[in-house]
Each structure stands twice: as structure tokens, then as C-alpha cells.
Amino acid sequence: MVFPLSISNSLKGQYLMLPLTSPWMFPLTLLRKFVAIFFIVVAMAVGFNVQAAKESGKPKRPPSVVKVANVVAASISDPIEALGSLKANESVDITVHFAEFIRKIQFVEGQRVAQNDVLLVLEDAEEQALLQEANFTLQEAKRQLARIKAIAGRGDASQSVLDERQREFNVAKARFAGIESRLQDHTVSAPFAGLIGLRNISRGAYVAPGDVITTLIDDSAMKLDFSVPAIFLSTLKTGMLLTATTRAFPSEVFKGSVATLDNRVDPISRTVIVRAVLPNPKGILKPGLLMEVLLHANERRALLIPEEALVPKARKHFVMVVETNDGVSRVKQRQVSVGTRLNGKVEVLSELAEGEVVVIHGADKVRDNSEVKVVQAIHQSHQSQEGDK
């Protein structure tokens with residue numbers, strides 16, 4: 001090969017003739033590049049070593065501070081909301097059996113009465129006279145029957161005469177019983193214990209059947225009727241618990257249970273009427289009140305965590321579980337399935353166990369398997385939870 005000489009100006013323009021087997025077979029420019037790359041690699045290695053030495057001298061990053069809460073088990077239910085109206089447990093309009101004048105009124109508006117208490121008395125002078133007449137007729141028929149029986153016993157009276165007297169006695173007895181029953185209808189009594197309503201008549205007024213004198217309700221318990229979509233039929237059962245509120249008593253919460261379901265579904269609204277019973281020991285609930293109903297369906301035991309513990313990513317939910325070993329706390333990320341959301345809490349369906357500890361504040365500052373420092377533990381209540389959905 002032929003190489004131009006650039007080492008000495010005296011040899012400028014001349015060429016160095018080297019054999020092909022000479023160690024100087026590569027161009028000098030290429031050799032210079034190899035040397036430059038070598039020094040660059042050496043410089044980088046030295047720089048990395050210096051940087052590593054500096055980082056090793058820095059203090060270790062402290063663990064992230066988090067707040068945690070325990071996973072607890074509690075009784076929960078799926079809430080079903082509805083609106084309903086109250087009805088009295090028993091209700092009746094007080095009226096009369098026949099037309100007559102009122103002689104006496106023996107109740108006061110708003111009075112509580114017992115069963116069979118007398119409420120009013122109608123004029124009964126005519127019925128009293130008829131009853132007396134029927135009594136005389138009955139006694140006479142009784143005497144005639146006894147006399148004929150004695151005669152027939154001696155063989156001096158035929159059997160037909162005895163039968164006639166027996167018939168007359170039976171007729172007189174039945175007539176007396178009918179007039180006595182009619183006389184009892186002149187007294188109107190309470191069919192059951194309850195609360196008297198407003199009075200619509202006065203003493204001496206002429207009343208006829210169908211005229212409402214007053215109303216009587218049994219308000220010891222109230223019936224609450226409300227409509228529920230038919231899609232909940234599989235979860236509706238008698239005995240299910242519910243709570244009800246009304247704007248008339250905003251501070252009161254009334255508890256009751258489902259008594260029965262209607263025997264058909266409305267074909268237009270596709271709802272079924274549910275009837276519940278609410279105890280009314282204070283007597284403050286009145287028929288016709290509008291009630292907001294919260295029905296507790298599908299009661300069950302479930303695991304609950306605070307909503308703050310959920311870390312949503314796309315359409316998935318994760319939690320950071322704190323595990324402590326040898327005094328060192330680390331977090332493990334777990335994907336969970338969630339169920340019903342309650343008031344500030346959420347039902348967890350999988351991947352967690354009662355008593356485990358989850359991060360509720362600071363989860364955005366930690367990563368899977370990173371060390372953490374727990375500064376505050378929040379203990380959830382183990383009491384039953386009511387859905388407020």
C-alpha cells in the first residue's frame with residue numbers, strides 16, 4: 001500500500017512504500033478515531049462512577065406518610081325508594097240502620113273510645129211500646145201452650161190443637177226477639193277501639209241510613225301503601241324491614257315491615273302495590289300523610305371500606321393494602337370488585353378480608369411494594385349500615 005507522508009515537510013509530496021504485511025496497513029485517520037472513542041468511553045465510565053459515589057453518599061428517601069382504615073364486616077341491604085300514603089289500620093263511618101231522630105250523643109270529637117262504648121242513642125219510644133206488646137203476646141201464648149199440654153196429657157185435646165198453640169208460641173217468641181233486636185239498633189256503639197273524628201250531626205237531628213255521623217279509626221298501627229317497580233318482585237318478601245319519613249315530622253324516622261303484596265302488577269305502570277304496617281304508639285301519624293319510603297332489600301353481611309380507599313384506573317378499581325413485616329410497612333396494590341355504595345362506604349365483593357388495612361389518604365403518593373409510614377388509623381363502625389342510595 002502507498003501512504004502519503006505528512007510527518008515531515010521535507011518529505012512532502014512523497015509517498016511511503018510499505019509492504020502489505022506491515023502493521024501500518026490502516027489509514028492514520030481511522031486510527032485517530034479509534035483513539036478518540038477509547039478516551040470518550042473511559043471518560044463516561046469515570047463520570048458514572050463519580051455520580052454513583054455521590055448518590056451513595058445521599059440520605060435514603062423517607063417512606064410516604066399515609067392514613068389507613070380497617071376492612072370491616074357489617075349488615076347492609078340494597079335500598080329501594082318509593083312514595084306512599086298512610087291508611088288507618090281500621091276505619092269506619094258511623095251511621096244508623098234506619099231513619100230516626102237522635103235522642104242522645106255520648107261522644108266528643110277527638111275522643112278515644114273502647115270497643116262497644118255507646119256513641120249515640122236514637123228515639124225508641126215506639127219500639128219500647130212494641131216490645132211491651134210483643135212481651136204480653138209471648139206470655140199469653142206461653143200460658144195457652146201450657147194449658148193445652150195439660151189437657152192433651154189427659155186425652156181431652158187433640159194433637160192438632162196442641163200443634164196450633166205451639167206454633168202461636170213460637171211466632172210470639174220470634175216477634176219479641178225481632179223487636180228487641182230492632183230496639184238494640186237504636187243504640188250505636190263503637191265496633192272497635194280507636195279515635196273519634198269530627199261530629200257531623202247534632203242532638204235532635206233526623207238521620208237516615210248512609211248519613212255519616214262521625215268516623216272512627218284504629219290508629220294504633222298505620223297501613224302504608226306504595227308502588228314498587230315489578231323488576232324488584234324477586235326481592236320483595238313479607239316481613240322485610242323499611243323506614244319511612246314525612247315532612248310533617250322531619251325529625252322522626254318511622255320503622256315498619258312489609259305486610260303483603262298486591263296479587264297483580266299494574267299493566268300500565270308495571271308496578272306492584274306493597275302494603276307495609278308502621279306501629280304508631282305516639283298516635284302522631286294520620287291517614288292520608290305522604291311518606292317517603294326506604295325499603296331494605298337483599299339484607300346480607302358484607303365487607304365495607306371507605307370510598308376514599310378506592311383508586312380508579314380506567315374502568316377498574318384498586319386499593320392499596322398495607323402489610324407490615326418486621327416493623328416495616330409496605331403497600332400492595334390489589335384490584336377489587338365493588339358492590340353497593342352506601343353513605344361514604346362501599347361494599348367490596350372480592351380480594352379483601354375482614355381486618356385487613358387499606359390506605360385512604362396518600363394512595364396517590366405510593367406505588368406497589370413501596371414503604372409507607374402509618375400516622376393515623378381510622379376504625380370503622382361494625383354496626384349495621386342502611387343504604388342511602
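In what follows, the structure referred to is the one given above.
**Q** Before we move on, can you summarise the nonpolar core with the specific residues and values?
**A** Counting 23 residues, the largest nonpolar core has Leu-86, Leu-224, Phe-226, Leu-242, Leu-278, Leu-285 and Met-291 as its most contacted members. Counting residues per element, the ones that place at least two in this core are strand S4 (72-94), strand S11 (214-229), strand S12 (241-246), strand S13 (249-261), strand S14 (271-279) and strand S15 (290-306). For Leu-285, the contacting residues outside a window of four places in its chain are Leu-86, Met-222, Phe-254, Leu-278, Asn-280 and Met-291. With 17 residues, the next largest nonpolar core counts Leu-122, Phe-192, Ile-196 and Ile-201 among its residues.

**Q** Could you give an account of the side chain of Ser-77, with specific residues and numbers?
**A** On the secondary structure map, Ser-77 appears in strand S4. Residue class for Ser-77 comes out buried when judged on its relative accessible area of 3%. Separated by 3.4 Å, the side chains of Ser-77 and His-296 make a polar contact.

**Q** If you had to explain the side chain of Thr-214 to someone new, which residues and values would you point to?
**A** Among the structural elements, Thr-214 can be located in strand S11. Looking at Thr-214, its side chain comes within polar contact range of the main-chain oxygen of Leu-198, at 2.9 Å. Once residues within four sequence positions are removed from consideration, Thr-214 is found in contact with Val-92, Asp-93, Ile-94, Phe-107, Ile-196, Gly-197, Leu-198, Arg-199 and Asn-200.

**Q** Talk me through the packing of helix H2 (residues 125-154) against helix H3 (residues 159-184); I want residue IDs and the actual numbers.
**A** Taken N-terminus to C-terminus, the directions of H2 and H3 make an angle of 160°; their axes are 8 Å apart at the nearest point. As far as their axial angle goes, H3 and H2 are roughly antiparallel. Like other packed secondary-structure pairs, H2 and H3 cross with a definite hand, here left-handed. Per-class residue counts for the contact of H2 with H3 are 15 nonpolar, five polar and 10 charged.

**Q** How would you sum up the pattern of salt bridges? Please name residues and give values.
**A** Opposite charge on two side chains makes pairing possible when the charged atoms of those side chains draw close. Scanning the entire structure with this criterion turns up 14 salt bridges. In this structure, Glu-164 engages Arg-167 in a salt bridge whose closest nitrogen and oxygen atoms are separated by 2.5 Å. Placement of the pair is Glu-164 and Arg-167 together in helix H3, with a separation of three residues, close to one helical turn. For Glu-164, a relative accessible area of 31% puts it in the partly exposed group. In this structure Arg-167 comes out as partly exposed when scored by relative accessible area, which is 45%.

**Q** Now, about the packing of aromatic side chains: what can you tell me, with residues and values included?
**A** Evaluation of the coordinates by the stated rule reveals one aromatic pair. Ring centres of Phe-101 and Tyr-206 lie 4.9 Å apart, and the angle between their planes is 65°; on these two criteria the pair is classed as edge-to-face. Separated by 105 residues along the polypeptide, Phe-101 in strand S5 (residues 100-105) and Tyr-206 in strand S10 (residues 206-207) bring together distant segments of the chain. In this structure Phe-101 comes out as partly exposed when scored by relative accessible area, which is 40%. Note that Arg-182 overlies the ring of Phe-98, its terminal NZ or CZ placed 4.5 Å from the centroid. Over the ring of Phe-318 we find Lys-313, and its NZ or CZ is 5.3 Å from the ring centre.

Reading guide: rules and limits
Residues numbered from 1 in each chain as written. Predicted model: local features only at pLDDT ≥ 70, side-chain atom pairs only at ≥ 80, totals over all residues. Heavy atoms only, no water. Core = buried A, V, L, I, M, F, W, Y, C linked by side-chain atoms within 4.5 Å. Buried < 20%, exposed > 50% of the residue type's maximum accessible area, 1.4 Å probe, protein only. Helix = DSSP H or I, 4+ residues; strand = E, 2+ residues; numbered from the N terminus. Contact = heavy atoms within 4.5 Å. Polar contact = N/O pair within 3.5 Å; in protein donor to acceptor, adjacent residues only side chain to side chain. Axes fitted to C-alpha atoms, helices over the stretch in contact; angles between N-to-C directions. Parallel < 35°, antiparallel > 145°, perpendicular 65-115°, else oblique. Left-handed = near helix turned anticlockwise from the far one by under 90°. Nonpolar A, V, L, I, M, F, W, Y, C, P; charged D, E, K, R; others polar. Salt bridge = Lys/Arg side-chain N within 4 Å of Asp/Glu carboxyl O. Phe/Tyr/Trp six-rings, centres within 6.5 Å; stacked < 30°, edge-to-face > 60°. Lys NZ or Arg CZ within 6 Å of the ring centre and 35° of its normal.

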